[in-house]
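Topology and contacts: notes
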Amino acid sequence: MPKLEVLEWYPNKVLHQLNTSKQTFKKSKVLNNLHIYLQKAFDAGLIARQELVSMLPPLFLDIHSEDIVLDMCAAPGSKTSQLL
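Presented here is an overview of the structure given in this document. (Residues numbered from 1 in each chain as written. Predicted model: local features only at pLDDT ≥ 70, side-chain atom pairs only at ≥ 80, totals over all residues. Heavy atoms only, no water.)

A separate point is a nonpolar patch on the surface. Taken together, the side chains of Trp-9, Leu-52, Val-53, Leu-56, Leu-59 and Phe-60 make up a nonpolar region of the molecular surface, amounting to roughly 570 Å² of accessible area. When you line up the elements, Phe-60 lands in helix α3 (residues 56–61). The exposure class assigned to Phe-60 is exposed, which follows from its relative accessible area of 68%. (Patch = residues over 30% accessible without salt bridge, like charges linked within 9 Å, V, L, I, M, F, W, Y side chains within 5 Å. Areas by Shrake-Rupley, 256 points an atom, 1.4 Å probe, with all protein chains shown as cover. Salt bridge = Lys/Arg side-chain N within 4 Å of Asp/Glu carboxyl O. Helix = DSSP H or I, 4+ residues; strand = E, 2+ residues; numbered from the N terminus. Buried < 20%, exposed > 50% of the residue type's maximum accessible area, 1.4 Å probe, protein only.)

Take the pattern of salt bridges next. In the structure shown here, the tally under the stated rule is 1 salt bridge. A salt bridge links Glu-8 to Lys-13; the shortest N-O distance between them is 3.1 Å.

Aromatic ring pairs are defined here through the distance separating the ring centres and the angle between the ring planes. Per the stated rule, a full pass over the model turns up 1 aromatic pair. A ring pair is formed by Trp-9 and Tyr-10, whose centres lie 5.9 Å apart and whose planes are at 75 degrees; its orientation type is edge-to-face. For Trp-9, a relative accessible area of 42% translates into the label partly exposed. (Phe/Tyr/Trp six-rings, centres within 6.5 Å; stacked < 30°, edge-to-face > 60°.)

Once that is clear, we can look at unusual backbone geometry. The backbone phi angle of Lys-13 is positive, close to 50 degrees, even though this residue is not glycine. Tracing the chain through its elements places Lys-13 in the loop between β1 (4–6) and β2 (16–18). Taking the relative accessible area as the measure of exposure, Lys-13 reaches 48% and is therefore partly exposed. Even without being glycine, Asp-62 reaches a positive phi, approximately 55 degrees.

With 15 residues, helix α2 (residues 29–43) should reach 21 Å at 1.5 Å per residue; the first-to-last C-alpha distance of 21 Å fits that figure. Following α2 by one or two positions, Gly-45 adopts a phi angle in the positive range, close to 80 degrees. (Expected span 1.5 Å × (residues − 1).)

Here the focus is the environment of Pro-11. Checked against the element boundaries, Pro-11 lands in the loop between β1 and β2. Counting along the chain gives 67 residues from Pro-11 to Ser-78, while the straight-line C-alpha distance between them is 17 Å.

Here we come to the side chain of Ser-54. Considering the arrangement of structural elements, one finds Ser-54 in the loop between α2 and α3. On the accessibility criterion, Ser-54 (18% relative accessible area) is buried. Ignoring sequence-local partners within four residues, the contact set of Ser-54 consists of Lys-79 and Gln-82. (Contact = heavy atoms within 4.5 Å.)

The structure is reproduced here in C-alpha cells:
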C-alpha cells in the first residue's frame, strides 16, 4: 500500500506526496476510490496537483505582498497560484 508523505522541506508542511503508479491505483479499489475523490476535489478547485520541480521557483523568488509579478508562462497557472 502506498504511503502518504508530508514533504518537510515545504513551508508550513502543507505539501503531501503519494508515490504510486497509475496501475496501482487501477488495481486497488480503495486507491481507485481515492483517485476519484482527488479528481473531484481538483475539479472543484479544492486541491492542486503540481510537479515538485514546479514548486521550487515560487519558493526561491522570495515574493512579498508589495511586489508585482508578471508570469509570462501562466498555463495552467500553478506557480502563480502558489505565489498567491
